[in-house]
Amino acid sequence: IFKRPTITQLAEYIRNTGTSTFISIQAAPPGDYYVLSSPQRRLYILQQMDKTGIAYNLPAVLELEGTPEVGKLEETFKKLISRHESLRTSFQMIEEKPVQQIHAPVDIEFALQYIDNSISADSLSSFSRQISQFIRAFDLAAAPLFRVGLLKVAEGKHILVVDMHHIISDGTSLGVLIKEFMALNAGEELPPLGIHYKDYAV
């Protein structure tokens, strides 16, 4: 910028730099285990230092109006698990190195936890207590590393609680999951995914 302070000089410099190239991410060859990305390694080590900690949990609490279909909600989450390898990934040490293992959808046990809080006389304190009990430490060796609860607060009012470990998700991917959850719950078909996070890590 200092050597070429005018727009004309900068434009000429850009024209003469040639085209940039990139290499697209390829699907990793099949394997029993895969390497971790740098952020995953950091999170894995930090979690092992405090296995009961919840500092790296990503909880979300959403208010739902009306009476949701519990079976349909659970089925939608199962579709997301089947679609995204990260939601069926566990982490462990192999030969003193942390690795990730992708599990088949049929090997993942997932159930939406339903709690009827409307019968409680002290609903507000009971609700807060149930939320705090729901958000707890994950065992990184046991997939899935997220859990979902549906709390009935009153007739026609429910709270959806999702707790997920940061090692399988971040702010950007949460946005993707919410968008896809809404689409799948509405009965839409989503295009297949070409690559997954483990491909990026490899």
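Look a little higher up for the structure.
Parameters and conventions
Residues numbered from 1 in each chain as written. Predicted model: local features only at pLDDT ≥ 70, side-chain atom pairs only at ≥ 80, totals over all residues. Heavy atoms only, no water. Helix = DSSP H or I, 4+ residues; strand = E, 2+ residues; numbered from the N terminus. Rg over C-alpha atoms; globule rule 2.2 N^0.38 Å. Buried < 20%, exposed > 50% of the residue type's maximum accessible area, 1.4 Å probe, protein only. Contact = heavy atoms within 4.5 Å. Areas by Shrake-Rupley, 256 points an atom, 1.4 Å probe, with all protein chains shown as cover. Lys, Arg positive; Asp, Glu negative; His and termini not counted. Charge placed at Lys NZ, Arg CZ, Asp CG, Glu CD. Pairing = 2+ DSSP bridges. Axes fitted to C-alpha atoms, helices over the stretch in contact; angles between N-to-C directions. Salt bridge = Lys/Arg side-chain N within 4 Å of Asp/Glu carboxyl O. Core = buried A, V, L, I, M, F, W, Y, C linked by side-chain atoms within 4.5 Å. Patch = residues over 30% accessible without salt bridge, like charges linked within 9 Å, V, L, I, M, F, W, Y side chains within 5 Å. Polar contact = N/O pair within 3.5 Å; in protein donor to acceptor, adjacent residues only side chain to side chain. Expected span 1.5 Å × (residues − 1).

A.B. asks: With reference to specific residues and values, describe the overall build of the chain.
C.D. replies: The helix and strand inventory of the chain stands at 6 helices and 6 strands. Going from N to C terminus, the chain has its helices and strands arranged as α-α-β-α-β-β-β-α-β-β-α-α. Taken against the 2.2 N^0.38 rule, which gives 17 Å for 202 residues, the C-alpha radius of gyration of the chain at 22 Å runs more than 25% over that of a compact globule. Expressed along its principal axes, the backbone C-alpha trace of the chain runs to roughly 75 × 45 × 35 Å. Looking at the chain as a whole, 35% of its 202 residues are labelled buried. Sequence separation of at least 24 residues holds for 71% of the intrachain contacts in the chain that already meet a minimum separation of 6. Looking at the chain as shown, the accessible area adds up to about 12,800 Å², and 56% of this sits on carbon and sulfur atoms. On the chain, the mean spot of the 19 positive side-chain charges and the mean spot of the 23 negative ones are 8 Å from each other.

A.B. asks: Outline the sheet that holds strand β6 (residues 157-165), listing residues and values.
C.D. replies: Here we have 4 strands laid out as an open sheet, ordered β1-β6-β5-β4, and mixed in their pairing. Only two strands of the sheet have a single partner each, and these edge strands are β1 (57-65) and β4 (113-116). The mean inter-strand angle of the sheet, taken between neighbouring strand axes irrespective of direction, is 20 degrees. Relative to β6, strand β5 (residues 146-154) runs antiparallel, the two being bridged by 8 bridges. By the bridge assignment for β6, F146 is matched with M164.

A.B. asks: Explain the pattern of salt bridges to me, and be specific about the residues and the numbers.
C.D. replies: Inspection of every chain in the model, using the stated rule, returns 7 salt bridges. For K198, the salt bridge identified is with E85, shortest N-O distance 3.0 Å. Taken as a pair, K198 in helix α6 (residues 197-201) and E85 in the loop between α3 (70-83) and β2 (89-94) lie far apart in primary sequence, 113 residues in all. The residues K198 and E85 share a single accessibility class, namely buried. Across the pair D199 and K198 runs a salt bridge, and its minimum N-O distance is 3.2 Å. Among the residues examined, K198 registers a relative accessible area of 8% and is labelled buried. Each of E85, K198 and D199 takes part in a single network of salt bridges with overlapping partners.

A.B. asks: Hey, could you go over the nonpolar core for me, with residue numbers and the actual values?
C.D. replies: Judged by nonpolar contacts, the single largest core of 26 residues is most densely connected at F77, L87, F91, F146, V148 and I167. The element that contributes the greatest number of residues to this core is α3, accounting for 4 residues. In contact with F77, other than residues within four places in its own chain, are F110, F146, V148, L160, V162 and F181. Among the nonpolar cores identified, the runner-up in size contains 7 residues, and I131, F134, I135 and L151 belong to it.

A.B. asks: Run through a nonpolar patch on the surface, naming residues and quoting values.
C.D. replies: Where nonpolar side chains cluster on the molecular surface, the patch consists of I25, I195, Y197 and Y200 and spans about 370 Å² of accessible area. Secondary-structure assignment places I195 in the loop between α5 (171-185) and α6. Exposure remark for I195: the relative accessible area of 38% places this residue in the partly exposed category.

A.B. asks: Describe the side chain of Q40, with residues and values.
C.D. replies: Inspection of the secondary structure assignment puts Q40 in helix α2 (residues 38-49). Residue classification places Q40 among the buried residues on the basis of a relative accessible area of 4%. A distance of 3.0 Å separates a polar side-chain atom of Q40 from the backbone nitrogen of S37. Those residues in contact with Q40 that lie beyond four places of it in its chain are F91, Q100, I167, Y197 and A201.

A.B. asks: Describe α3, and please don't skip the residues or the numbers.
C.D. replies: Every α-helical turn comprises 3.6 residues, leaving residues that sit three or four positions apart pointing alike. Its 14 residues give α3 an end-to-end C-alpha distance of 20 Å, which sits within 8% of 20 Å, the value for a rise of 1.5 Å per residue. Within the span of α3, buried status applies to L73, E74, T76, F77, L80, I81 and R83. Structurally, α3 contributes buried residues whose contacts are with β5, β6 and α5.

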